[in-house]
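# Examination of the molecular architecture
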Amino acid sequence: MAFGNQLIEVHLWLREELAGLREGVDAYFAGGARPRELRAHCLTFCSALTRHHTGEDDVAFPEVAGRFPELRPVLEELRRDHRLVEDSLRRLEALVAGLDEETDPAEVRREMDSLAALMETHFVYEEKRIVAALNALNVPDWDRSPPAFLLADDAER
């Protein structure tokens, strides 16, 4: 199974989810979407992205490091990115959880822009540096039961 290609598919799905969340936030500030629905969407997205990165840290990266030790510095860089993304997710969740008439739309949009930029830079770097290694891996357990980092959403579990 081409695990690197599956990783790219998950990244595409996460990008789409962030775009949908951004649309919801814009709609809210234009007088649309209810905050409760936005908070639920935000929590779902944040949870999926966290699950993806935790799965990479705990499952994928150790497997790649064992087979391709020359990629260890790349994997450490990706782990650092995960921490930056996690910090941004926490800030975004707090902003969306506190949405009301007093919320500054510019602050929410800035955090969404920051998260989007972090994600995009991280995904592009990861795809360039480790997709070939992931595609070269033969991990029968991953074929039978895909690990969390290869799942696009909870419906796949």
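All of the points below concern the structure found in this document. (Residues numbered from 1 in each chain as written. Predicted model: local features only at pLDDT ≥ 70, side-chain atom pairs only at ≥ 80, totals over all residues. Heavy atoms only, no water.)

A few words on the overall build of the protein chain. If you tally the helices and strands in the protein chain, you get five helices and zero strands. A compact globule built from 157 residues would reach a C-alpha radius of gyration of about 15 Å, and the protein chain, at 17 Å, matches this within 12%. Overall, the C-alpha framework of the protein chain stretches about 55 × 30 × 20 Å when taken along its three principal axes. (Helix = DSSP H or I, 4+ residues; strand = E, 2+ residues; numbered from the N terminus. Rg over C-alpha atoms; globule rule 2.2 N^0.38 Å.)

This paragraph deals with helix 2 (residues 35-67). Relative to the 48 Å expected for 33 residues at 1.5 Å per residue, helix 2 spans 46 Å between its end C-alpha atoms, a close match to the ideal helical length. Largest kink in helix 2: about 45 degrees, centred on Glu-56. (Expected span 1.5 Å × (residues − 1). Bend = angle between axes of the 7 residues up to and from the residue.)

Between helix 1 (residues 3-29) and helix 4 (residues 105-136), the shortest axis-to-axis distance is 9 Å and the interhelical angle comes to 175 degrees. The pairing of helix 1 with helix 4 is recorded here as roughly antiparallel in orientation. The residue makeup of the contact of helix 1 with helix 4, split by class, is 18 nonpolar, four polar and eight charged. (Axes fitted to C-alpha atoms, helices over the stretch in contact; angles between N-to-C directions. Parallel < 35°, antiparallel > 145°, perpendicular 65-115°, else oblique. Nonpolar A, V, L, I, M, F, W, Y, C, P; charged D, E, K, R; others polar.)

The next thing to look at is the pattern of salt bridges. Here the idea is simple: oppositely charged side chains can pair when their charged atoms come close. On inspection of all chains with the given rule, the structure shows 10 salt bridges. Of the charged contacts, one joins Arg-79 and Glu-76 as a salt bridge, the two residues approaching to 2.9 Å between their closest N and O atoms. Of this pair, Arg-79 and Glu-76 are both found in helix 3 (residues 72-97), three residues apart, which corresponds to roughly one turn of the helix. The closest approach of N and O atoms between Asp-87 and Arg-90, which form a salt bridge, is 2.4 Å. Taken together, the residues Asp-87 and Arg-90, both in helix 3 and three residues apart, mark about one turn of the helix. Given the relative accessible area of 46%, Arg-90 is considered partly exposed. In the salt-bridge network here, residues are joined through shared partners; they are Arg-15, Glu-120 and Glu-127. (Salt bridge = Lys/Arg side-chain N within 4 Å of Asp/Glu carboxyl O. Buried < 20%, exposed > 50% of the residue type's maximum accessible area, 1.4 Å probe, protein only.)

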